[in-house]
Amino acid sequence: QVQLVESGGGLVQAGGSLRLSCAASGRTFSAYFMGWFRQAPGMEREFVAAIYWSGKDTYYADSVKGRFTVSKDNAKNTMYLQMNNLKPEDTAVYYCAARYGRSADHYGWEQYNSWGQGTQVTVSS
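Residues numbered from 1 in each chain as written. Predicted model: local features only at pLDDT ≥ 70, side-chain atom pairs only at ≥ 80, totals over all residues. Heavy atoms only, no water.

Undergrad: Whenever I open this one, the sheet that holds strand β8 (residues 78-83) confuses me. Can you help?
TA: Within a sheet, neighbouring strands are paired by backbone hydrogen bonds and run either parallel or antiparallel to one another. If you walk across this open sheet you meet the four strands as β1-β3-β8-β7, and the pairing is antiparallel. In this open sheet, the two strands that pair with only one neighbour each are β1 (3-7) and β7 (68-73). Taken pair by pair, the neighbouring strands of this sheet meet at an average axis angle of 15 degrees, ignoring direction. Looking at chain direction, β1 and strand β3 (residues 18-25) are connected through five bridges and run antiparallel. Among the inter-strand pairings, Ser7 is bridged to a residue of β3, identified as Ser21. (Pairing = 2+ DSSP bridges. Helix = DSSP H or I, 4+ residues; strand = E, 2+ residues; numbered from the N terminus. Axes fitted to C-alpha atoms, helices over the stretch in contact; angles between N-to-C directions.)

Undergrad: Can you walk me through the pattern of salt bridges in this structure?
TA: When their charged atoms lie close together, side chains carrying opposite charge are able to pair. As enumerated under the stated definition, the model contains four salt bridges in all. Here Asp90 and Arg38 are joined by a salt bridge, their closest N and O atoms 2.9 Å apart. Separated by 52 residues along the polypeptide, Asp90 in the loop between β8 and β9 (92-99) and Arg38 in strand β4 (residues 33-39) bring together distant segments of the chain. Per residue, the accessibility class of Asp90 equals that of Arg38, and both read buried. (Salt bridge = Lys/Arg side-chain N within 4 Å of Asp/Glu carboxyl O. Buried < 20%, exposed > 50% of the residue type's maximum accessible area, 1.4 Å probe, protein only.)

Undergrad: Help me understand the environment of Ala40, please; the structure alone is not making it clear to me.
TA: Take Ala40: it is sitting in the loop between β4 and β5 (46-52). According to the relative accessible area criterion, Ala40 is partly exposed, its value standing at 23%. For the pair Ala40 and Gln120, spaced 80 residues apart in the sequence, the C-alpha separation amounts to 9.6 Å. With sequence-adjacent residues up to four places away left out, Ala40 is seen in contact with Thr91 and Ala92. (Contact = heavy atoms within 4.5 Å.)

What follows is the structure in structure tokens.
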């Protein structure tokens, strides 16, 4: 069974940066795509970014385009989320997730098979 472990969250001032990591461990890792989602208190889980494990296709929510960058290191089975120019509205628990098997919908959280435990990101104004 594959485990996903996020790290890199923390407290940062508005305008600052953080880099989240998501490391996969366990059986041979072969995701079709991986994604980042976030959930603020009282809000629904929302899509942030996705990356296809084979190739370089990436996708972003409009709210983070131009500020966040998703990347991967296939050799390390690790996905990253570089977050720049952070805003207070980016405050949330950030989750990484993986999809095994072909799917055309990388935006829907229900498409993902495995989830990490989440890491808190807090942006102060």
